[in-house]
Structures are given as structure tokens and as C-alpha cells.
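Each chain, letter by letter, is given below.
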Amino acid sequence: MANTVYDNFVLESKLKDLLTTKLDTKTLMTIDNSLTESAGMIKNINTYTYTGAVERLAKGAKNTQRGAISYTTAPYTVKVAQQVFDYYDEEFMQDPLVLDYGMSGAATLMVNDMTKDFFTEIAKATLTQNWAKGSTFSYDTVVDAIAKMNIEDESGLFLLVGNDLKATIRKDPDFKSKELGKVIADGAVGTLSGVPVIPSKAVPSGTAYLATREAVTLFTKKDNEVEQERDGEARKNTIIMRKVNLVALTDATKVVKITEAQ
């Protein structure tokens, strides 16, 4: 399919917003390069799950439940993700930006594909925390979700929210009071209970994820590649972008899915 290029004259060049989100999900995952050193395209992954309960106890009382770790093993297949972009010399001579925007759009779609894989896996979270039906997402909800993870070091935690919950946070009187007007001045979200809040439109409506980088792992089989080919006679140039990896939920004890109670 031929590219659409500008006929002539000076026009403002614009690239359509192809981004699902500007969030760099690679920074939210553990990177594992072990697949590059071993043969095969199958990875058996143990996903660990913590079960337990936070109990409110009277003086001198003991817990009635004990937390426990279990795991399931699932095979994941490494897949080759690739896309191809063509342009002709005549198109480039007529509008040089066709190459810049083509490369930018193709790279963006590769990032989007990684983002989709990340959110597919983190949505498999088995630990859940709800806020009361008919009420709103709040600071207390985050505190209860942190307690459910049963960890001592909270420095690696982050909270993923969509645009709807970001608006809810900004409107929360307690949050606005804590920020001493900062959120009103510049719209910053910052932290809740010491946990960095990361807004992304890739997060489903009415949902938040409290997690650490250990929850999801990116297993790389082969580094990202960009190849170029040329058909000189047809003056046709081909750019190939490729990645060979898999994304998997590897530690379900490190993520809590937060939603409204049903």
C-alpha cells in the first residue's frame, strides 16, 4: 500500500497519536536474559501466589490463619514480534518526513505491543483489594492493599492507575490537604502512602495495580533488531523491526489488583 505524502507547499507535518501510553513498561519489569544463552523457545514459569488474611485482634489474641505460598507451572512460548515498513525513493524526495514519521510510528507500535503484554500479565493478579461498593477509591484502599502484600520493604512499590482514578485522587480532600495545594497548582499526583503513583491510559477504568518489578518478568531471547533491505531497481526501501521475547507474571505475591467491590 502506497504512503500518503504531501503534494507540495509548506504544510505543518503531524504524526498521529499512535501511543497507547507513554509509560515505559520495561522499567516496571524484571529483565531476564537467560533465554539468550539456552536453546529452545519454551519457558516453563512458576508463578507464586500468597494466600492469607490480615486479622484485627483483641489484646492477647493470636492469629487464627497463617499465610502460605503456593505456585503453578505454566509453559510460555517465545514469539517473534515483527513489523515491516516500506517507502520509495520518490516518496522520500517528495516528502523526507515520510521516513522519520514511518520510523517513529513503527517504533511506537513496538512499544505498544510490549505495553499490551505487560498489562495482560499483570491483570492475572490473584491478590485483590476492594473499596466499598458505591464509595470511591481512596488513600485507605492503598494502605489496605499494601498490608495485603505482607512485605517489610516498601521502597520498590508503585501504583498504576488510569485517568479516571487519577482524577479521583486529585479530588480527594485528604490528598489535597496532604499536598498543601501543590496538586491544585500543577496537577501533580506524586505519592500515596509513600508509594509513587504512575498514571497510564493503558490501565482499565475502575482498576489500579499495586506492584513491584518482581511481579512481571521480561524474558529476552534476542535483542531488538532493525534491518534494512533495498530493491534498487524498484527504488523500494524496507525497514524491518523485530523483537524476540516473552512477558510473564512470575510472582503473583508482588501485585495486588484494586477494584470496587461487586
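Before any of the text, the structure's been laid out above.
Worth saying up front: this structure is predicted, and the values here are computed from it rather than measured.

**Considering the overall build of the protein**
Inference 1: If you tally the helices and strands in the protein, you get six helices and twelve strands.
Inference 2: Taken across its 262 residues, the protein has 37% of its residues classed as buried.
Inference 3: In the protein, of all internal contacts separated by at least 6 residues, the share reaching a separation of at least 24 is 80%.
Inference 4: By element, 51% of the accessible surface of the protein is carried by carbon and sulfur atoms, the whole surface being about 15400 Å².

**Some thoughts on the sheet that holds strand S5 (residues 127-131)**
Inference 1: In spatial order, the strands read S5-S12-S9-S6-S8-S7; together these six strands make up an open sheet with mixed pairing. With one partner strand each, in any of the chains shown, S5 and strand S7 (191-192) form the two edges of the open sheet.
Inference 2: Sheet topology note: the S7/strand S8 (residues 195-199) ladder contains two bridges and is antiparallel. The residue of S8 that forms the bridge with Leu192 is Val195.
Inference 3: Against the sheet, helix H4 (residues 163-171) engages S5, strand S6 (158-161), S7, S8 and strand S9 (207-211), with an angle of about 110° to S6.

**Things to note about the pattern of salt bridges**
Inference 1: A complete count under the given rule lists ten salt bridges for this structure.
Inference 2: In this structure, Glu90 and Arg235 form a salt bridge, with 2.6 Å as the shortest nitrogen-oxygen distance. Taken as a pair, Glu90 in helix H1 (residues 89-94) and Arg235 in the loop between strand S10 (216-231) and strand S11 (236-249) lie far apart in primary sequence, 145 residues in all.
Inference 3: What makes Glu90 partly exposed here is its relative accessible area of 35%.
Inference 4: Classification of Arg235 by relative accessible area gives partly exposed; the value is 37%.
Inference 5: Within this structure, Lys222, Glu225, Glu227 and Arg242 form a network of salt bridges that share partners.

**Points about the sheet that holds S10**
Inference 1: Read from one edge of the open sheet, four strands run S1-S10-S11-S4, paired in mixed fashion. Each edge of the open sheet is held by one strand with a lone partner, namely strand S1 (30-32) and strand S4 (79-88). Across the sheet, the mean angle from the axis of one strand to that of its neighbour is 30°, orientation sign disregarded.

**A closer look at a nonpolar patch on the surface**
Inference 1: A surface patch of nonpolar side chains, about 330 Å² in accessible area, is lined by Tyr48, Ile69 and Tyr71.
Inference 2: Note that Ile69 resides in strand S3 (residues 68-77).

**A closer look at the side chain of Gln129**
Inference 1: By the element assignment, Gln129 lies in strand S5.
Inference 2: Taking the relative accessible area as the measure of exposure, Gln129 reaches 10% and is therefore buried.
Inference 3: One polar contact links Gln129 to Lys148, side chain to side chain, over a distance of 3.4 Å.
Inference 4: The residues contacting Gln129, other than those within four sequence positions of it, are Thr141, Asp144, Ala145, Lys148, Val256, Lys257, Ile258 and Thr259.

**Some remarks on H4**
Inference 1: Within H4, the full set of buried residues consists of Leu165, Lys166 and Ile169. For H4, the angular spread of the buried residues around the axis is 105°, confining them to a single face.

**Description of unusual backbone geometry**
Inference 1: With a phi close to 55°, Ser193 is a non-glycine residue in the positive phi region.
Inference 2: By the secondary structure assignment, Ser193 is in the loop between S7 and S8.
Inference 3: With phi around 60°, Arg235 is a residue other than glycine that occupies positive phi space.

**Description of the packing of aromatic side chains**
Inference 1: Enumeration according to the criterion identifies four aromatic pairs in this entry.
Inference 2: Measuring from centroid to centroid gives 6.4 Å for Tyr87 and Phe92, while their planes differ by 50°, and the two rings are tilted.
Inference 3: Relative to Phe137, the ring of Trp131 lies with its centre 5.5 Å away and its plane at 80°, an arrangement referred to as edge-to-face.
Inference 4: On the basis of relative accessibility, which here comes to 7%, the residue Trp131 falls in the buried class.
Inference 5: Under the relative-accessibility criterion, Phe137 is labelled buried at 2%.
Inference 6: Pairwise contacts between aromatic rings join Phe85, Tyr87 and Phe92 into one cluster.

Conventions and cut-offs
- Residues numbered from 1 in each chain as written.
- Predicted model: local features only at pLDDT ≥ 70, side-chain atom pairs only at ≥ 80, totals over all residues.
- Heavy atoms only, no water.
- Helix = DSSP H or I, 4+ residues; strand = E, 2+ residues; numbered from the N terminus.
- Buried < 20%, exposed > 50% of the residue type's maximum accessible area, 1.4 Å probe, protein only.
- Contact = heavy atoms within 4.5 Å.
- Areas by Shrake-Rupley, 256 points an atom, 1.4 Å probe, with all protein chains shown as cover.
- Pairing = 2+ DSSP bridges.
- Axes fitted to C-alpha atoms, helices over the stretch in contact; angles between N-to-C directions.
- Salt bridge = Lys/Arg side-chain N within 4 Å of Asp/Glu carboxyl O.
- Patch = residues over 30% accessible without salt bridge, like charges linked within 9 Å, V, L, I, M, F, W, Y side chains within 5 Å.
- Polar contact = N/O pair within 3.5 Å; in protein donor to acceptor, adjacent residues only side chain to side chain.
- Arc of directions from axis to C-beta.
- Phe/Tyr/Trp six-rings, centres within 6.5 Å; stacked < 30°, edge-to-face > 60°.

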